[in-house]
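# Coordinate analysis (summary)
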Amino acid sequence: MKYKVFIGIFIVELLLLIGILLFSYISINTRIDEMKYLRQLCQGLTATDLAIWTEARYTRHPSQTDIFSAFQDCPSCLEHFPAGSVLSPPPHFRRPLEAVK
Amino acid sequence: MTVVLENVTKVYNPGQPNEVWAVKGISLRINKNEAVVLKGPSGSGKTSLLSLIGCMSRPTSGRILISGRDVAKLPERSLTEIRRRTFGFVFQQFNLLKGITVRENIMLPLYPTGLSLTEIKARAEKVMESMRLSKRADFNVEHLSGGEQQRVAIARALINDPEIILADEPTAHLDTKLSEEFLRIIEEIKRSGKTVIIATHDPLVYDSSVVDRVIELRDGMIKETQ
Amino acid sequence: MRRHLMILEFALSCLCRRKYKNLALLFAFSLLVFILSSILLLTYALKKEAIEILQGAPEITVQRTVAGRHELIPVEYINKIKTIPGVGKVEPRYWGYYYDPFIGANYTLLGANRDMLRKIEILEGKSFFSEQKGVCIVGKGVAKAYFAEVGDRITIIGADGISYTFKIAGIFKTASDILTNDLIILSNDDIKRLFQIPTGFATDIVVEVYNPEEIETVAEKIKKLFPSTRPITREEILRTYESLFDWRSGMILTMFIAAVVAFVILAWDKATGLSAEERREIGILKAIGWESSDIMELKFWEGFVLSSLSFFTGLIGGYMHVFFFGAPLLSTALKGWSVVFPTLKLTPYVSAYQILVLLFLTVVPYMASTIVPSWKAAMTEPDQVMRG
Ligand SMILES: Nc1ncnc2c1ncn2[C@@H]1O[C@H](COP(=O)(O)OP(=O)(O)O)[C@@H](O)[C@H]1O
Ligand SMILES: [Mg+2]
């Protein structure tokens, strides 16, 4: 009766996954207030960016970067390493012609 | 259930340099509950003929009638169905699956039939009983002796309760004592009303009293019928 | 139905035959899904978080550029910008970076005015902050870097080479790390003094626009008024973040591709190297009355059992890693040279798209690699098993 064991495990894992999605759903809803706070804080600080990578201007404030920030237009932007490993160049540097506008 | 072959030929790799005419225009008729031996030296076409009869391969030309139905032109699906319902195979190398138990090996043909696991197990228990394998049920097959392995192979062939048992060189890997035991099992099978077709060049088998008829093959043709 | 269950039963027997190999495979497969899902979930959650929070960003930030470079902006621009219809408050911002050579960390120094700080509530210690000099509010990361508490003093060396000390009046709560972690908030006057910003100039200017529909036109008008400025709209910031956290970029992609390539090689190896033994077994099954479709189903189940269990385990593991434990394995990799790095307490956003991507990168190739090679073997005539 191995198949019963498998189906059992499968169902347990599926339930866990559903539980997790449910948890997500609930957390998103319970964090609404917190997000509102953060939004207000953002407004209060006039923050334009998240404080995640503090290495340099182009990682700390990606939305504020200018054309002279290092190697902005390198397609894989590895010079931002390791921040660049999750950040891609801001859209206004993806197509240089558009950025000039 | 009778098996009739009409002018059957089997050519391997037709039209190529390594073309082999393994079976050359064989006609024969095997009746219900008959025990027939296909005798002949190595390379005479015994295995080829056996696999043609057992719907494992299709003839290049000629007709094979099983209960009057020409199987040569049936689609793959029906062939499998016939193979499962009608035939039980005992292969020369036993062809058991290593790593799984005797019981599971014997149950193999029944998995895709839609029977419940309890029923499949009950049936396996029954054939294991008759093959004196009950004690070995939970052993992995590779841990069994040659004679036991063959009994597993026979049990697997019998679990579908087929009407025709096909055995290819069944005594090739057995000593005299085990070969005699095999013949006793064949006798039992025959007594239960089944047809038995054995391909062999072992005198112990074709001289046995169990055998009703010996068909001698040579170079893919029938030499004489006793 | 029962037939399928029985074939599943046999597939499980087959998997048990090579127990350790399959357990190892299960582990490796789960690990792959774990890594990939951690990356996907983290980047997606960061992105969603950013977009949620940065709704509060200023409607327009006006930077001045000289020769394409960011420059200080004359405060007098404010008066002209104020005359544009639909514009609310227009304020100068004074901010910059401060590298602390002793700790080796980069902080963001931000000048505050009374107005904006009245809105800040998520504070430890005193929540008030008058515009008095010599006082600061710091992010948790900064406090940790200095081992400082409320009431302690921190020293910052100004552009004139003089050390200035500031008393910590408050510390932002951990909940706001993602926004405040590296912040040191000083009064505008302190910032100006510290950075030696010439009077009449600011770092940039933030512009409030009442009607969101008008932001774009206001930005254009500012650009026309002052051709040397670059107005950055909130929309642009959001768009930046929309495309910024992108698992398809850079190092992650490299890691990603490496993992997937290794996986595909494994799968391909399996696909092409259907061993003689496996081929023989397929032949045996056919010979004893299994249909080709039954054999395909058997292979399907074998692949399904392994990949579904791995997928679930990896995904659940990845989820817990990112959302329950703050992605410690990834954040060490992502942190890089950032000395101050926030604890990632993210809202667990998950999208069906991510799960699909994961499925297509892992389960689908694996399933294909188990089923496809068996196809040919299952299609051949079974009489080969009659011979050795
Ligand atoms: N798949 C095959 N391809 C080519 N030749 C084959 C194949 N199978 C069997 N043969 C040839 O057919 C002939 C008959 O073989 P077989 O039926 O196995 O004879 P036996 O079982 O009597 O030894 C032999 O010459 C053998 O080499
Ligand atoms: Mg032979």
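Residues numbered from 1 in each chain as written. Chains lettered and ligands numbered in written order. Predicted model: local features only at pLDDT ≥ 70, side-chain atom pairs only at ≥ 80, totals over all residues. Heavy atoms only, no water.

## Brief notes about the overall build of chain A
Tallying secondary structure elements over chain A gives 5 helices and 0 strands in all. The buried share of chain A, taken over its 101 residues, is 50%. A fraction of 27% describes how many contacts in chain A between residues 6 or more apart in sequence connect residues 24 or more apart. When the accessible surface of chain A is summed, it comes to about 5,000 Å², and 71% of that surface belongs to carbon and sulfur atoms. (Helix = DSSP H or I, 4+ residues; strand = E, 2+ residues; numbered from the N terminus. Buried < 20%, exposed > 50% of the residue type's maximum accessible area, 1.4 Å probe, protein only. Contact = heavy atoms within 4.5 Å. Areas by Shrake-Rupley, 256 points an atom, 1.4 Å probe, with all protein chains shown as cover.)

## A look at the overall build of chain B
Along its length, chain B carries 7 helices and 10 strands. Relative to its length of 226 residues, chain B is compact, with a C-alpha radius of gyration of 17 Å against a globular reference of 17 Å. Along the three orthogonal principal directions, the C-alpha set of chain B runs to about 50 × 40 × 35 Å. Relative to its 226 residues, chain B shows a buried fraction of 59%. If you take every contact in chain B between residues at least 6 apart in sequence, the share linking residues at least 24 apart comes to 69%. Carbon and sulfur atoms form 48% of the exposed surface of chain B, whose accessible area is close to 9,400 Å². (Rg over C-alpha atoms; globule rule 2.2 N^0.38 Å.)

## So, the site of ligand 1
The immediate surroundings of ligand 1 are formed by 14 residues, with Gly43(B), Lys46(B), Thr47(B), Ser48(B) and Arg387(C) found nearest. Of the chains in the model, those with residues near ligand 1 are chains B and C. At a separation of 2.9 Å, an oxygen atom of ligand 1 approaches a polar side-chain atom of Lys46(B). Protein chains shield 71% of the accessible area of ligand 1, which is 550 Å² for the free molecule. Those elements that place two or more of their residues in the shell around ligand 1 are β2 (20–30) and α1 (46–53) of chain B. Among the elements that make up the shell around ligand 1, the one with the highest residue count is α1(B) (3 residues). (Near = heavy atom within 4 Å. Polar contact = N/O pair within 3.5 Å; in protein donor to acceptor, adjacent residues only side chain to side chain.)

## Section: the side chain of Ser38(C)
All names here are of chain C. Assignment of secondary structure puts Ser38 in helix α2 (residues 19–53). According to the relative accessible area criterion, Ser38 is buried, its value standing at 1%. Not counting the four nearest positions on each side in its chain, Ser38 is found in contact with Val33, Gly318, His321, Val322 and Leu330.

## Quick word on helix α15 (residues 363–379) of chain C
The terminal C-alpha atoms of α15(C) lie 24 Å apart, and with 17 residues this matches the ideal 24 Å at 1.5 Å per residue to within 8%. Every buried residue of α15(C) is accounted for by Val363(C), Pro365(C), Tyr366(C), Met367(C), Ser369(C), Thr370(C), Pro373(C), Ser374(C), Ala377(C) and Ala378(C). (Expected span 1.5 Å × (residues − 1).)

## Quick look at unusual backbone geometry
Residue and element names in this part refer to chain B. Phi at Asn13 takes a positive value of approximately 50°, unusual for a residue other than glycine. Position of Asn13 among the secondary structure elements: in the loop between β1 (3–12) and β2. Judged by relative accessible area, which is 32%, Asn13 ranks as partly exposed. Non-glycine residue Phe94 carries a positive phi angle of around 65°. Relative to the helices and strands, Phe94 is located in the loop between β6 (87–90) and α3 (102–107). Residue Phe94 is classed as buried on the basis of its relative accessible area of 6%.

## Looking at the confidence of the model for chain A
Caution applies to low-pLDDT regions: their predicted coordinates should not be interpreted in detail. Residues and elements named next belong to chain A. Summary statistics for chain A give a mean pLDDT of 74 and a share of 61% for residues scoring 70 or more. Of all secondary-structure elements in chain A, the lowest mean pLDDT belongs to helix α5 (residues 96–100), at 43, while helix α1 (residues 2–30) reaches the highest, 93. The low-confidence segment residues 71–78, where pLDDT is below 50, has 21 contacts with residues more than four positions distant or belonging to other chains. Considering only residues more than four positions removed or in separate chains, one finds that residues 96–101, a stretch of pLDDT under 50, has 2 contacts. (pLDDT = per-residue confidence, 0-100.)

## Side note on the sheet that holds β1(B)
All names here are of chain B. Taking strand neighbours across the sheet as the criterion, the 4 strands line up as β2-β1-β4-β5 in an open arrangement whose pairing is antiparallel. One side of each edge strand has no neighbouring strand; the edge strands of this open sheet are β2 and β5 (69–70). By the bridge criterion, 2 bridges tie strand β4 (residues 61–66) to β5 in an arrangement that is antiparallel. Residue pairing in the sheet places Ile66 in a bridge with Arg69 of β5. α1 rests against β1, β2 and β4 of the sheet, and its axis sits at about 55° to β2. (Pairing = 2+ DSSP bridges. Axes fitted to C-alpha atoms, helices over the stretch in contact; angles between N-to-C directions.)

## What to know about the confidence of the model for chain B
Averaged over all residues, the pLDDT of chain B equals 91, while 99% of them reach at least 70. Interface predicted TM-score (ipTM) for the complex: 0.90; the corresponding pTM is 0.82.

## Comments concerning the packing of α2(C) against helix α12 (residues 292–324) of chain C
For any two helices packed against each other, the geometry is given by the interaxial angle and the distance between the axes. Residues and elements named next belong to chain C. Contact geometry for α2 and α12: axes closest at 7 Å, N-to-C directions at 40°. Compared by their axis directions, α2 and α12 come out oblique. Of the two possible hands of crossing, α2 and α12 adopt the one that is right-handed. Residue composition of the contact of α2 with α12, grouped by class: 15 nonpolar, 11 polar and no charged. (Parallel < 35°, antiparallel > 145°, perpendicular 65-115°, else oblique. Left-handed = near helix turned anticlockwise from the far one by under 90°. Nonpolar A, V, L, I, M, F, W, Y, C, P; charged D, E, K, R; others polar.)

## With respect to the environment of Val150(C)
Residue and element names in this part refer to chain C. By the element assignment, Val150 lies in the loop between α5 (140–146) and β9 (153–157). What makes Val150 partly exposed here is its relative accessible area of 37%. Remark: the alpha-carbon pair of Val150 and Val75, spanning 75 residues in sequence, is separated by 34 Å.

## Topic: the packing of aromatic side chains
One pass over the full model with this rule turns up 21 aromatic pairs over all chains. Between Phe6(A) and Phe10(A) the ring centres are 5.8 Å apart and the planes differ by 45°, which places this aromatic pair in the tilted class. Taken together, the residues span about one helical turn, with Phe6(A) and Phe10(A) both in helix α1 at a distance of 4 residues. Phe10(A) shares its class with Phe6(A); the two are buried. Considering the side-chain rings of Phe23(A) and Tyr319(C), the 6.4 Å spacing of their centres and the 80° angle between planes classify their relative orientation as edge-to-face. Within this pair, whereas Phe23(A) is found in helix α1, its partner Tyr319(C) is found in helix α12, the two belonging to separate chains. (Phe/Tyr/Trp six-rings, centres within 6.5 Å; stacked < 30°, edge-to-face > 60°.)

## Regarding the pattern of salt bridges
Counted according to the given criterion, the structure contains 30 salt bridges over all chains. For Arg39(A), the salt bridge identified is with Glu52(C), shortest N-O distance 3.2 Å. Here Glu52(C) lies in helix α2 and Arg39(A) lies in helix α2 (residues 32–45), a pairing that spans two chains. Using a relative accessible area of 24% as the deciding quantity, one classes Arg39(A) as partly exposed. Linking Arg103(B) and Asp138(B) is a salt bridge whose minimum nitrogen-to-oxygen distance equals 2.5 Å. Of this pair, Arg103(B) sits in helix α3 while Asp138(B) is found in the loop between α4 (117–130) and α5 (146–158), placing the two residues 35 residues apart along the sequence. (Salt bridge = Lys/Arg side-chain N within 4 Å of Asp/Glu carboxyl O.)

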